[in-house]
Amino acid sequence: MTVQKKNRGAFGRAFAVVSAAIAVSAAVENHRRPTSRDLNTLGIDPNAFDKLV
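Residues numbered from 1 in each chain as written. Predicted model: local features only at pLDDT ≥ 70, side-chain atom pairs only at ≥ 80, totals over all residues. Heavy atoms only, no water.

Engineer: How should I be thinking about the overall build of the protein in this particular structure?
Structural biologist: Looking only at helices and strands, the protein features three helices and zero strands. Reading the protein from its N end, one meets helices and strands in the order α-α-α. The burial tally for the protein puts 17% of its 53 residues in the buried class. Per element, the accessible surface of the protein, about 4400 Å² overall, is 60% carbon and sulfur. (Helix = DSSP H or I, 4+ residues; strand = E, 2+ residues; numbered from the N terminus. Buried < 20%, exposed > 50% of the residue type's maximum accessible area, 1.4 Å probe, protein only. Areas by Shrake-Rupley, 256 points an atom, 1.4 Å probe, with all protein chains shown as cover.)

Right, here's the structure in full:
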């Protein structure tokens, strides 16, 4: 049962990363600032992102 729980966690994490990437991409395309939560999910410092854009 531990392996199944581990796989669900990995799948959930992968889903979160893909969702955040889509959200950040859409925000940038529409000239909006992505949410800090999505940036953090992708491992991007929100303060550093502000300096890039």
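Engineer: Can you help me understand the confidence of the model for the protein in this one?
Structural biologist: Detailed reading of the predicted model is not advised wherever pLDDT is low. Confidence in the prediction for the protein averages 88 pLDDT; 83% of positions are at 70 or higher. Across the protein, helix α2 (residues 36–41) holds the top mean pLDDT of 97, while helix α1 (residues 2–29) sits lowest at 85. (pLDDT = per-residue confidence, 0-100.)

Engineer: Would you mind showing me how to read the pattern of salt bridges here?
Structural biologist: Pairing is possible between side chains of opposite charge, provided their charged atoms come close. This model, assessed by the stated rule, comprises one salt bridge. Here Asp 50 ties to Arg 33 by a salt bridge, and the two come within 2.8 Å at their closest N and O atoms. Of this pair, Asp 50 sits in helix α3 (residues 46–52) while Arg 33 is found in the loop between α1 and α2, placing the two residues 17 residues apart along the sequence. Residue classification places Arg 33 among the partly exposed positions, given a relative accessible area of 40%. (Salt bridge = Lys/Arg side-chain N within 4 Å of Asp/Glu carboxyl O.)

Engineer: Would you explain the environment of Pro 46 in this entry?
Structural biologist: Mapped onto the secondary structure, Pro 46 falls in helix α3. A relative accessible area of 11% places Pro 46 in the buried class. When the C-alpha positions of Pro 46 and Ser 36 are compared, they lie 5.6 Å apart, and in sequence the two are ten residues distant. Apart from the residues lying within four places of it in its own chain, the contact partners of Pro 46 are Arg 33, Ser 36, Leu 39 and Asn 40. (Contact = heavy atoms within 4.5 Å.)

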